[in-house]
Amino acid sequence: MSFTQTFIALLLIQGALPQPVPGQKQVAPVLQGTVRLDPYEVTNRQMAHFLNEIGNIPIRGMRLVEVGSAQSLIVVRDGVFASRPSFADHPAVEVTFAGARAYCEWAGKRLPTEREWERICKSDQGLKYPWGRDFNPQDPAHLLLANLKGNADGYDRTAPVGSFPAGRTTEGIWDLGGNVWEWTAGPNDQPILRGGSWANSHLYARCAIRDDPNDSHTFFKGSSTGFRCITDLQ
Ligand SMILES: [Ca+2]
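Report follows, based on the coordinates. Values in this document were obtained by computation on a predicted structure and should not be read as measured data.

### Quick notes on helix H2 (residues 44-54)
Then, in step 1: Among all positions of H2, only Asn44, Gln46, Met47, Ala48, Phe50 and Leu51 are buried.
Then, in step 2: Looking at the buried residues of H2, the elements they touch are strand S4 (74-77), strand S5 (80-83) and helix H3 (97-106).

So this is what it looks like as structure tokens:
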């Protein structure tokens with residue numbers, strides 16, 4: 001059995017999601033230098049390549065990517081997945097939690113925990129935003145920190161990953177604030193979104209903000225939700 005066949009079999013058997021262990025908490029400390037968070041959100045080009053390898057299989061009734069959504073930036077024609085024209089380097093959206101996790105595992109990585117995501121966002125300085133301690137909507141220079149709600153930053157919706165150099169973290173991670181929300185693994189592997197998106201104000205780009213997609217007050221929207229992966233170095 002090939003790697004791809006084995007991988008798909010494991011996805012279907014496990015439902016892609018490790019089963020939560022009641023009462024188990026993620027309490028392991030996040031040690032700087034033991035992990036490496038991807039510098040960019042996963043793009044439509046990357047996600048389309050993954051879908052062409054694996055197929056857009058259903059996990060618990062939901063496809064890995066909702067390519068049938070009008071907001072999807074990936075389309076399928078004659079069984080081949082491809083990014084919409086001019087969106088190859090934009091972040092993938094309409095990705096389910098299972099789809100994000102499956103991509104990272106296929107790439108030999110994993111989804112970050114929300115604790116890891118937040119620590120890297122804040123850096124070792126305990127910053128409020130990925131780029132620093134403040135955001136002033138009246139300051140034109142601050143509009144170049146992240147792709148947030150409105151088009152004053154140059155983009156109505158998603159922007160190509162890596163379009164806002166001034167918003168990088170001290171470790172060189174792009175777009176942690178804004179562009180797309182990012183799937184992370186919360187306590188008991190609960191899906192939690194981090195970082196805000198093109199559809200949200202700067203308040204949601206704060207490192208400590210979390211969004212539970214199961215919450216009735218969620219800010220979750222498939223068209224503003226993507227992800228990035230993390231690699232264990234040890
Ligand atoms: Ca982001």
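Now that the structure has been shown, we can carry on.
### Description of the nonpolar core
Then, in step 1: Met47, Ala92 and Ala100 are the most contacted members of the largest nonpolar core, which has 51 residues in total.
Then, in step 2: Those elements that place two or more of their residues in this core are H2, H3, helix H4 (114-122), strand S6 (181-185) and strand S7 (191-194).
Then, in step 3: When residues in this core are grouped by element, the largest group, six residues, is from H3.
Then, in step 4: When neighbours within four sequence positions are excluded, Ala100 is seen to be in contact with Val95, Leu111, Trp183 and Phe227.

### Here's the deal with H3
Each turn of an α-helix holds 3.6 residues, which means side chains three or four residues apart point in the same direction.
Then, in step 1: The element H3 is extensively covered by neighbouring structure, given that eight of its 10 residues are classed as buried.
Then, in step 2: Within the sequence span of H3, burial applies to Phe97, Ala98, Gly99, Ala100, Arg101, Ala102, Tyr103 and Cys104.
Then, in step 3: Note on H3: the residue one or two positions beyond its end, Gly108, has a positive phi of about 80°.

Conventions and cut-offs
Think of each chain on its own: its residues are numbered from 1, step by step along the sequence as written. Only residues with pLDDT of at least 70 get local features here, since the model is predicted, and only at 80 or more are side-chain atom pairs given and counted; chain-wide, interface and lining totals rely on the full set of residues. For every residue, the other C-beta atoms within 10 Å of its own C-beta are counted; 20 or more classify it as buried, 12 or fewer as exposed, and values in between as partly exposed. C-beta atoms are placed from the backbone. Strands here mean DSSP runs of E at least two residues long; helices mean DSSP runs of H or I at least four residues long; both are numbered from the N terminus. Contact definition: two residues whose C-beta atoms, as placed from backbone geometry, lie within 7 Å. Joining buried Ala, Val, Leu, Ile, Met, Phe, Trp, Tyr and Cys residues through C-beta atoms within 7 Å gives a set, and that set is a nonpolar core.

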